[in-house]
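What the coordinates show
Chain residues, written in single-letter form:
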Amino acid sequence: MEPVDYMKKALALAKLGLGYTSPNPAVGCVIVKDGNIVGTGYHHKAGTPHAEVWALKEAGNQAKGATVYVTLEPCAHYGRTPPCARTLAKNEVGKVVIAMLDPNPLVSGKGAAILRQAGISVEVGLLSKEAAKLNEVFIKNMMVKKPFIAAKLAQSLDGCVASRTGNSQWITNSWARQYGHYLRSIYDGILVGINTVLEDNPLLTCRIKRETHEIPHQPVRIILDSQGRIPMSSLVVTDTSTQTIIITTSLCPVEKMRTLKNEGIQVLLAPLHKNNRIDLPAAIELLGQIGLQSILVEGGSTVQGSFFDYHLVDKIYAFLGSKIIGGSLAMPSVGGYGVDNLDECMPLVYDSAEICENNILIRAYNANREGAYVHWHH
């Protein structure tokens, strides 16, 4: 196997922890001695040992003189555990290959420096693009201290989410819906508007188990509800398998806020914007302040429209079903105000497109997104 293959394995291991490690990054580690993998590990969950610790444990005394492949620079600070850079040095590894440096400007390069001071050779940059994509949420949080926003669209080929009569089930297939549950398992919060709750009464939980995890990672449910119209009987209120946050405004009756809080619902008060809408950038800031690092925006048309109108979206997952709905009164997947001129459109960079069971998934990024990792610090 080539060095790139070992790093690919480390990245695949890291991916197993996505969602569960928040607010920490997902990290994977592979230790190689004389062409054999002698230890592997990944960060399972915040508060548990880091990837390097698991891999060193497995490698035992074979770690001495070995080459360590790790997807993110080993930490240099004393947290709940001693710094991994020192632990690697203590185990007298021969070489450390790091995909990317820590995006936190305060610690970037410090772990590598500890290793080099201990006489260990360090290489940085192998598969750095892939490593940065894996931890794009962590990177944005570190660079600009704001939550990462992903929009999930499930639409017909012509961009509709419902026919003119409001019929919407089902536009995409079961593969797309399963993948939607995978996305719920990797983001901290999942956001919808009050209309979605009133029309569909969704549970908004993740219902798939992933590889090595016993229980699904449950995102926090976030409902935009400027007037406090949410029924107390709705599933997002009565179901206690995960926390629900209602973002409302001064238009919500105080009584209703009190009732919601008594049910264990977290109520966040956002400022009002013109035409009695929630001030969305302010609402996102509130979510960041209570520790949410990433948000999956699931719907519906009005809410997606607001996020695009405010240019708040970092990443898009667009699922296209094998249908054309048509009709000038059909519901577009992205409502809101929209643009007057095409030069106002958010510039997109397409990342990938895949066809599965006759549905298409397109991944794209906002080309102007904040807090993207750039390769200037090697």
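Computed from a predicted structure; not experimentally measured.

Here's the deal with the domain arrangement of the protein chain
- As assigned here, the protein chain comprises domain 1 (3–137) and domain 2 (146–374).
- The C-alpha-based centres of domain 1 and domain 2 are spaced at 34 Å.
- If you look at the interface, domain 1 gives 17 residues, while domain 2 gives 19 residues.
- Between domain 1 and domain 2, roughly 1,500 Å² of surface is buried when both sides are summed, and carbon and sulfur atoms account for 52% of that area.
- Looking at the side of domain 1 that touches domain 2, the elements with two or more residues in it are helix 1 (3–16), helix 5 (128–134) and helix 6 (136–144).

Regarding the sheet that holds strand 1 (residues 28–33)
- Here we have 5 strands laid out as an open sheet, ordered 2-1-3-4-5, and mixed in their pairing. Single-partner strands in this sheet number two, and they are strand 2 (36–42) and strand 5 (121–124). Shown here is a sheet whose adjacent strand axes are inclined to one another by a mean of 15 degrees, direction ignored.
- Bridge analysis of strand 3 (residues 67–70) against strand 4 (residues 95–98) gives 4 bridges, and the strand direction is parallel. For T67, the partnering residue across the bridge sits in strand 4 and is K95.
- Strand contacts of helix 1: strand 1, strand 2, strand 3 and strand 4, with the helix running at about 145 degrees to strand 1, the strand carrying the most contacts.
- On the sheet, helix 2 (residues 51–59) packs against strand 1, strand 2 and strand 3 and is oriented at approximately 145 degrees with respect to strand 2.

Some remarks on the sheet that holds strand 11 (residues 266–269)
- Pairing is mixed in the open sheet, where 9 strands are placed in the order 11-10-9-8-14-6-15-18-17. In the strand order of this sheet, the two ends are held by strand 11 and strand 17 (348–356), each with one partner. With strand direction ignored, the average angle separating the axes of adjacent strands in the sheet is 20 degrees.
- In this structure, strand 15 (residues 315–320) lies alongside strand 18 (residues 359–366), joined through 6 bridges in antiparallel fashion. Looking at the pairing, Y317 lines up with R363 of strand 18.
- Contacting strand 6 (148–155), strand 14 (294–299), strand 15 and strand 18, helix 6 runs over the sheet at an angle of about 140 degrees to strand 6.

A word on the UniProt feature "binding site: substrate" (unreviewed entry) in the protein chain
- The UniProt record annotates "binding site: substrate" (unreviewed entry) at S168, R184, L204, R207 and E298.
- By relative accessible area, R184 is classed as buried at 10%.
- Filtering out sequence-adjacent residues up to four positions away, R184 remains in contact with I190, L204, T205, C206, R207, H217, P219, L296 and E298.
- Note on placement: E298 falls in strand 14.
- Other than its neighbours up to four places away in sequence, E298 contacts K152, R184, I190, L191, V192 and Q304.

Regarding the environment of V197
- One can find V197 in helix 8 (residues 194–200).
- Along the backbone, V197 and I223 are 26 residues apart, and their C-alpha atoms lie at a distance of 8.2 Å.
- In this view, V197 contacts V192, P202, I223, I230, S234 and V236; residues no more than four positions away in its chain are not counted.

Definitions and cut-offs
Residues numbered from 1 in each chain as written. Predicted model: local features only at pLDDT ≥ 70, side-chain atom pairs only at ≥ 80, totals over all residues. Heavy atoms only, no water. Domains from an automatic or database assignment. Contact = heavy atoms within 4.5 Å. Buried area = accessible area lost by both parts, 1.4 Å probe. Helix = DSSP H or I, 4+ residues; strand = E, 2+ residues; numbered from the N terminus. Pairing = 2+ DSSP bridges. Axes fitted to C-alpha atoms, helices over the stretch in contact; angles between N-to-C directions. UniProt positions renumbered as here; feature names shortened; annotations may be inferred. Buried < 20%, exposed > 50% of the residue type's maximum accessible area, 1.4 Å probe, protein only.

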